[in-house]
Every structure is written in C-alpha cells, then in structure tokens.
Amino acid sequence: MSYSERLLEKGNTLTRVAHKSRFKAVLNALGNQNYLCALDYGCGDGWLLRSAYEQGFIQSGFGIDISPDMLTASEETLKEIPGFKLGLPSETHTLISPQSLDLVFCTETLEHVPDPALIIDTILPLCKPNAKIVISVPIEVGPSLFVKQTGRYLANFKGGYGYERYTPKELFSAAILWDCKSFPSSHAQKSSYRAHKGFDYRDLEDVLNQRLTLEQKVFSPFPILGNLFNSTVLWICKNKS
C-alpha cells in the first residue's frame, strides 16, 4: 500500500475525510485549465502528479522530494506515463530550466522545513510569469487542533497511525490562545526536518504575501467554517513576475 493510499484508506472517518478533501481541493484549484509543465515540490509517492495527469490537467512535469524512498515510490506510480522526471531538492535547478513551469504544487511540505521562504525563492525562478502556484499546509493552531488530535487519537487505536502528543497546558495554549510559541515543540527544533507540533500557518502566509499574488484562500474539508474547524489551509497563488 502506497503512502497516499494509507492516508486515504486507513485511520478513521475523520482522518480519511480530511485527506480526501485536501486532495480534491488541490485539484479543484486548477479549474478547467491545462498546464504544459508542472512541478510537485514535496511529491511524496507521486500520487498527485499522476492524478492531475489522468484528469487532463497537466501534460508533463517534475517531482522533487527529500526522501529517496518516496522518489522510488514515485517512479513506480509514474512508470507508465512519459514526460515526468524526479529528483532530490539539490537537483532542482539541474532538472528544471528557468521560467519553464506554468504550475507548481507544494502541498503538506512547507510545515516540515526550517525556512519556507528559501523553498519559495528556489521555485520562483523556474516559473513562467503568472504561473499558478498551489500551496497547502495543515492547521495546527486554534480549535481545529482539538478536532485533529481527537481524530489522530482514534486513528491510533488500530496502531501504527502515529501522532504528536500535547500536554493539557500546551493544548490550551495552541488551541485556545492561538499561541504555538510558548512551549517546546518539534517545529521549533533546529533540524532539517520539522514535524507538525508548534506549526502556525499564519507565519507562512506572511511569507507568501511578500513573494506571491494570493488569489484565493481555501479551508478544507469544510470551507464555510474558515480556520476554526478545518484540517488544512490552501492558497491559490500566482507568480508576480
């Protein structure tokens, strides 16, 4: 079973709804357009690239991921489809020509890196003017955190789902006070890979506003509830230059 299949089929109803809705929201953001060349930065097992190709949104593209195991999984996912190349972050500028991309996915990735601005600045020179950029990250602050921790707790009853625990004080701070910086967290660690605990999507939005034209912000799986009871925030952006 692939990584994406595990997200979509395992866990419980809450976690499955969250992951399925996020994938659907990302593809819905593409509208009725067809893109010649796409990049999925943080491609995982290649499921999103394959889905976008099979639904007629993209014709070719690239997948970048920090994990060699995920790149191997992507090779398997995309093996029957011509026109896709895969590589590590260090190979990004070797694989992709400047101003060649008209679509970029970066989903559930920027919450894991120590410097999201650096990733955005790496991607932008590869984009055509007005290229579409779709970015999503988890909401790990506010009342949504209560719902997510409940879903993760229930999903883990079967074993193997895995999630980060909060003390009651930490949960009160993050979920009620909207404060993720007052307690030690995995996101504050000085390492090349950070986990969800302590991540505040509002900090990333400031970074995106400085570099991109933000056209739309979508919350998933229940858009009408905004940032209060949703698992994911998604920004639909354009390259400014």
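The shown structure was predicted, so the numbers you read here are calculated from the model rather than taken from an experiment.

A few words now on the packing of helix α6 (residues 116–123) against helix α9 (residues 201–211). Packing of α6 against α9 brings their axes to within 10 Å, and their N-to-C directions diverge by 30°. Classified by the interaxial angle, the pair formed by α6 and α9 is roughly parallel. The two elements α6 and α9 meet at a crossing, and its hand is right-handed. Side by side, α6 and α9 meet where Pro116, Ala117, Ile120 and Asp121 of the first sit next to Leu204, Val207, Leu208 and Arg211 of the second.

Turning next to helix α7 (residues 144–155). Here α7 is twelve residues long and its end C-alpha atoms lie 16 Å apart, about the 16 Å a rise of 1.5 Å per residue gives. Buried residues of α7: Ser144, Leu145, Lys148, Gln149, Gly151, Arg152 and Ala155, and no others. The arc that holds every buried residue of α7, seen down its axis, measures 160°, which confines them to one face.

Here we come to the pattern of salt bridges. Considering all chains together, one arrives at eleven salt bridges under this definition. Between Arg22 and Glu108 there is a salt bridge, with the nearest N and O atoms lying 3.9 Å from each other. Highlighted residues: Arg22 in helix α2 (residues 13–28) and Glu108 in the loop between β4 (101–107) and α6, separated in sequence by 86 residues. You can call Glu108 buried: its relative accessible area is 19%. The residue Asp121 makes a salt bridge to Arg211 at a minimum N-O spacing of 2.8 Å. One end of the pair, Asp121, is in helix α6; the other, Arg211, is in helix α9, with 90 residues separating them in the sequence. Overall, Asp121 belongs to the partly exposed group, its relative accessible area being 37%. Overall, the relative accessible area of 22% leaves Arg211 in the partly exposed class. Salt bridges sharing partners connect three or more residues here, namely Glu140, Lys148 and Arg152.

The subject of this paragraph is the sheet that holds strand β1 (residues 35–41). On the basis of which strands lie adjacent, the open sheet formed by seven strands has the order β3-β2-β1-β4-β5-β7-β6 and mixed pairing. Either end of the sheet is taken by a strand with one partner, and the two such strands are β3 (84–87) and β6 (212–220). Each neighbouring strand pair of the sheet contributes to a mean axis angle of 15°, computed without reference to strand direction. Two strands pair when backbone bridges link them, and β6 and strand β7 (residues 232–239) are joined in this way by eight bridges, in the antiparallel orientation. Paired with Gln216 across the bridge in β7 is Ile236.

What counts, and at which threshold
- Residues numbered from 1 in each chain as written.
- Predicted model: local features only at pLDDT ≥ 70, side-chain atom pairs only at ≥ 80, totals over all residues.
- Heavy atoms only, no water.
- Axes fitted to C-alpha atoms, helices over the stretch in contact; angles between N-to-C directions.
- Helix = DSSP H or I, 4+ residues; strand = E, 2+ residues; numbered from the N terminus.
- Parallel < 35°, antiparallel > 145°, perpendicular 65-115°, else oblique.
- Left-handed = near helix turned anticlockwise from the far one by under 90°.
- Contact = heavy atoms within 4.5 Å.
- Expected span 1.5 Å × (residues − 1).
- Buried < 20%, exposed > 50% of the residue type's maximum accessible area, 1.4 Å probe, protein only.
- Arc of directions from axis to C-beta.
- Salt bridge = Lys/Arg side-chain N within 4 Å of Asp/Glu carboxyl O.
- Pairing = 2+ DSSP bridges.

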